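Here is what each chain is made of, one letter per residue.
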Amino acid sequence: MTVDKIILGAGLYGLYAALQCGRRGQRVLVFERDAAPFMRATYINQARVHMGYHYPRSYSTAIKSAHYFERFCKDYGFCLRTDFDQIYATSAHFSWTNAAEFRRFCNAAGIRCDGVDPEKYFNPGMCDGAFLTTEYTYDAQVLKDWFLKELSQCPGVEIRYEHPVERIEKGSDTWRITAGGETAEAPFVLNATYAGVNDIHAMAGFEPFKIKYELCEIILCEVDKRLYNTGITVMDGPFFSLMPFGQTGLHSLTSVTFTPHETSYDTVATFPCQARSEGRCRPGSLYNCNECPARPQSAWPYMGQLARKYLREEYGFTYKGSLFSMKPILKASEIDDSRPTVVRRMSDTPVFYSVLSGKINTVYDLDEVLAQ
Amino acid sequence: MTTNKEKNFISAVVYLHNDGVRAVKFFKLLTEQLDAHFEQYELIAVDDACTDDTVPLLRDWAKDLTRPLTFLHMSLFQRLEPCMNAGLDAAIGDYVYEFDTTDVPYPADMIFAAYQTALTGSDIVSVCPNRTNGSSRLFYGVFNANSHSAYRLRTDAFRLVSRRAINRVHASSEHLPYRKAAYAASGLKMTDLTFEGRILDRGTGRFSLAADSLTLYTDAGFKFSAGITLIMMALALAELVYTLVIFATGHPVEGWTTMMFVLTLGFAGVFAVLAIIVKYLSLLVDLIFKKQKYLIESVEKIQK
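Since this is a predicted model, take the numbers as computed values, not measurements.

Reading guide: rules and limits
- Residues numbered from 1 in each chain as written.
- Chains lettered and ligands numbered in written order.
- Predicted model: local features only at pLDDT ≥ 70, side-chain atom pairs only at ≥ 80, totals over all residues.
- Helix = DSSP H or I, 4+ residues; strand = E, 2+ residues; numbered from the N terminus.
- Buried ≥ 20, exposed ≤ 12 C-beta atoms within 10 Å, placed from the backbone.
- Contact = placed C-beta atoms within 7 Å.
- pLDDT = per-residue confidence, 0-100.
- Nonpolar A, V, L, I, M, F, W, Y, C, P; charged D, E, K, R; others polar.
- Pairing = 2+ DSSP bridges.
- Axes fitted to C-alpha atoms, helices over the stretch in contact; angles between N-to-C directions.

**Q** Describe the overall build of chain A, naming the residues involved and giving the relevant values.
**A** A count of helices and strands for chain A gives eight helices and 21 strands. For the C-alpha atoms alone, the extent of chain A along its principal axes is close to 65 × 45 × 35 Å. Counting all 372 residues of chain A, 47% fall into the buried class. Contacts in chain A between residues far apart in sequence, at least 24 positions, make up 72% of those at least 6 positions apart.

**Q** Explain the confidence of the model for chain A to me, and be specific about the residues and the numbers.
**A** Per-residue pLDDT for chain A averages 92, and the proportion of residues at 70 or more is 98%. For chain A, per-element mean pLDDT is lowest for helix α2 (residues 59–76) of chain A, which scores 85, and highest for strand β2 (residues 28–31) of chain A, which scores 97.

**Q** Explain the interface of chain A and chain B residue by residue, including any values.
**A** Between chain A and chain B, the contact holds ten residues from the first and twelve residues from the second. Residues of the side of chain A that touches chain B, tallied by class, amount to five nonpolar, four polar and one charged.

**Q** Residues and numbers for the sheet that holds strand β20 (residues 342–347) of chain A, please.
**A** Strand pairs in the sheet, formed through backbone hydrogen bonds, run parallel or antiparallel to each other. Residues and elements named next belong to chain A. Strand order in the open sheet formed by six strands is β9-β2-β1-β13-β21-β20, and the pairing between neighbours is mixed. Single-partner strands in this sheet number two, and they are β9 (157–160) and β20. Adjacent strand axes in the sheet meet at a mean angle of 20°, parallel and antiparallel pairs treated alike. When β2 meets β9, the two strands line up parallel, connected through four bridges. The partner of Val30 across the bridge, within β9, is Ile159.

**Q** With reference to specific residues and values, describe the sheet that holds strand β12 (residues 182–186) of chain A.
**A** Residues and elements named next belong to chain A. Taken in spatial order, the three strands line up as β10-β11-β12 in an open sheet, and their pairing is antiparallel. Both outer strands of the open sheet, β10 (165–170) and β12, are each paired with one neighbouring strand and no more. Across this sheet, the average inter-strand angle for adjacent strands is 20°, counted without regard to direction. For β10 and strand β11 (residues 175–179), the ladder comprises five bridges, and the chain directions are antiparallel. Paired with Lys170 across the bridge in β11 is Trp175.

**Q** I'd like a description of the pairing of strand β1 (residues 5–8) of chain A, backed by residues and values.
**A** Residue and element names in this part refer to chain A. Of the two faces of β1, the one lined by Lys5 and Ile7 and the one lined by Ile6 and Leu8 are each fully buried. Direction of pairing for β1 relative to β2: parallel, over a ladder of four bridges. By the bridge assignment for β2, Ile6 is matched with Leu29. Across three bridges, β1 lies against strand β13 (residues 188–191) in parallel orientation. Across the sheet, the residue bridging to Leu8 is Asn191, located in β13.

**Q** Lay out the confidence of the model for chain B with the relevant residues and their values.
**A** Residues and elements named next belong to chain B. On average, residues of chain B score 85 in pLDDT, and 92% of them are at 70 or above. Here helix α8 (residues 206–217) is the element of chain B with the lowest mean pLDDT, 77, and strand β4 (residues 95–99) is the one with the highest, 95. The complex prediction reports pTM at 0.79, with the ipTM value standing at 0.71.

What follows is the structure, given as structure tokens:
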């Protein structure tokens, strides 16, 4: 089978690319190793549509996020939850920023930042500043349904689920990819496999991205009435975030220290838990952590405790469940905590692009690539 | 899994400064105790610029640890109090153990005994030796005699504080120059447990800490300086009386009386002004340092 473009991975970036090309009448084949789209990072994250607040140490990331924020809200407003107060607070201790710096940063980035009394939300002395901001949360399931509906109108696009990539061969003007026993050829390949990006590179013989891997847990919580319409994010260091999770009515709880369970510094993700995955997962072929029998024990006792230390007693929340996923982090971004979207052209003829981004609203960075 | 272990989340903050092998031994003992009694806990090791192998040894030991161990590496040697403040800020527990030293002169089960005592209604539990050395006795003697706190301070090996107590002391002052005194002055219930033995000297820097603590948490500084000023003023006035007596009865050298008048009146005036300034200064310390003007231990309401 020969198509115009082969896309690896049916996450947001993969399906966005498929839809853009499908609408232009191109023939696109998407290979996805899970049984459905949006099963990993697109679904399992804080579900934050970034406005830039998160990156007080990286203006470039902040300004870019703010820039794409409006466009994303306009295009995908149907999957957002916007009716809540998003509070950003700066921790009084161990923070890499403080109230005055955060305010200055918001002004420079041109984003909303209205001061509120920290003691309204936090125990005394915990936070030196609290700010009401504009930031939304998206619902991956709603977004998925929309993409599937739109893609069903594009006859040229086919998605193959449970088709893990097995072999990648370079021809003179096409890539020949075998996945799930099926082989296809295309002059253009987009690798949008996120945590699997280096697995694909290893198969294609490309230089790997310099990333480390974190096995992350997102905790879903039921919250009291007082928190229902409030999202809380304490910056910028070993703190936590408790904010609405899309339109689910639940809140996601994450913390910088307890969300990552284990870290791998190897080129392809290598974790001790892979040995317990009953053959599903190995270095070079990542299984879905959320469905793995070897997924770690929840860090709820720690994350819950951390949030309780900060929040006033009247803001109650209880454990509902955990989601696990693998997160690749560019090694270069540790110091400034920036999250650049990396789109790298790995090969010219035939064309091979790899994309790596930790944010949903920078998906538009793909436009330039797809125009070719 | 159901266990009979305690459900409260415990943090243990441990101060380390070139403790070497002793640190590992201490952490082993500590985790044994905590594992036996608590379902959830975390360890926080405050590395006060250790220059020996304390940290690598501990890191090595912690490889197979199932509970979180956080190292706080201080930028430079800052001594006990600032380090423990940092540890306290990092701790997330409902109850926080503060181990100022890795020396263990007490029986290990005192660690859990402190928690049990806390559950009976004490927000602060100190575990103290029954023997102390002379300089400590002198300091605590002066401190307790001049402090308004309901509780007496003693030399202690470690203590356990509740989250409520931590929130309370932070509400009255952001930074705690001397934690123990802040807890004692928090107005919450404090209990001492005593064990047979003594603890090692805690080394340098204690004199300035003692001076700071006496100034901030007691009236000793004010009383002392106000007392001296008043005595000096009284002496100056006595001199004035003596001058008057000599002027009336004797035959002083010409000019002596005038000179003595100027000197004695002048000094009496200076000391009177100093007494007022000292009072103002102590008020200022009070206003800046203590944000909350009254302290309550609990509220009890009787209703029919």
